[in-house]
Amino acid sequence: MSDKSVFPLNLPALLNDLVALKQDRFPQKLHFAVKCDEHSRETYATLLAALLLNGGQISAGQSGVFKMLLNSLQLEDIQPKLFERAQTLNQDALREFLRVVDQNGLAISFFMDALVLCRLDAPLTDGQH
């Protein structure tokens with residue numbers, strides 16, 4: 001075999017492909033909040049999106065994990081919709097989030113999800129604290 005027929009291995013692309021295949025072979029288990037109605041699950045995910053936005057630029061890793069989280073919540077990939085909602089949060093939206101969390105016992109799940117997403121690539125920002 002001559003050197004001309006050897007192609008260099010694109011390891012980063014191969015690793016990305018492997019991660020994508022992993023999701024097909026080993027689907028993520030359903031989230032604890034999946035028992036909630038769609039409005040409640042979207043409200044929960046909107047606050048996670050707000051925390052991600054508060055950290056500055058969202059990394060590819062954070063985006064990928066957030067997508068997996070949305071899948072485990074049985075929400076389609078609605079990241080753009082959630083990020084748009086997160087930018088318009090107000091006191092009423094926060095009150096609704098607290099109602100959803102209290103009514104469904106989601107406080108611990110939310111803090112765990114928030115820590116994983118926000119701490120994935122870097123330390124927490126002051127705003128995320």
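Details of the structure are given in the entry above.
Residues numbered from 1 in each chain as written. Predicted model: local features only at pLDDT ≥ 70, side-chain atom pairs only at ≥ 80, totals over all residues. Heavy atoms only, no water.

1. Considering the nonpolar core
For soluble globular proteins, nonpolar side chains are generally found buried alongside one another. Residues Leu48, Phe66, Leu70, Leu73, Leu82, Leu106 and Phe110 are the most contacted members of the largest nonpolar core, which totals 27 residues. Looking at this core, the elements that each hand over two or more residues are helix H2 (38-54), helix H3 (60-72), helix H4 (79-86), helix H5 (91-104) and helix H6 (107-119). Ranked by the residues each element gives to this core, the list is headed by H2, at eight residues. Other than its neighbours up to four places away in sequence, leucine 82 contacts Glu42, Ala45, Thr46, Ala49, Phe66 and Leu70. (Core = buried A, V, L, I, M, F, W, Y, C linked by side-chain atoms within 4.5 Å. Buried < 20%, exposed > 50% of the residue type's maximum accessible area, 1.4 Å probe, protein only. Helix = DSSP H or I, 4+ residues; strand = E, 2+ residues; numbered from the N terminus. Contact = heavy atoms within 4.5 Å.)

2. Digging into H5
The end-to-end C-alpha separation of H5 is 20 Å, in line with the 20 Å expected for 14 residues at 1.5 Å each. Elements in contact with the buried residues of H5: H2 and H6. You can read the cap of H5 off the contacts: a side-chain oxygen lies 3.1 Å from the backbone nitrogen of aspartate 92, and it is on asparagine 90. Two residues or fewer after H5 comes glycine 105, characterised by a positive phi angle close to 60°. (Expected span 1.5 Å × (residues − 1). Polar contact = N/O pair within 3.5 Å; in protein donor to acceptor, adjacent residues only side chain to side chain.)

3. Things to note about the packing of aromatic side chains
Inspection of the entire model under this criterion finds four aromatic pairs. Their ring planes at 35° and their centres at 5.7 Å tell us that phenylalanine 66 and phenylalanine 83 sit as a pair that is tilted. Taken together, the residues phenylalanine 66 in helix H3 and phenylalanine 83 in helix H4 connect sequence positions 17 residues apart. For the pair phenylalanine 110 and phenylalanine 111, a centre-to-centre distance of 6.2 Å together with 70° between the ring planes defines the contact as edge-to-face. In this structure an aromatic cluster arises from ring pairing among Tyr44, Phe97, Phe110 and Phe111. (Phe/Tyr/Trp six-rings, centres within 6.5 Å; stacked < 30°, edge-to-face > 60°.)

4. A few points about unusual backbone geometry
A positive phi angle, close to 55°, is found at glutamine 74, a residue other than glycine. Its location among the elements puts glutamine 74 in the loop between H3 and H4.

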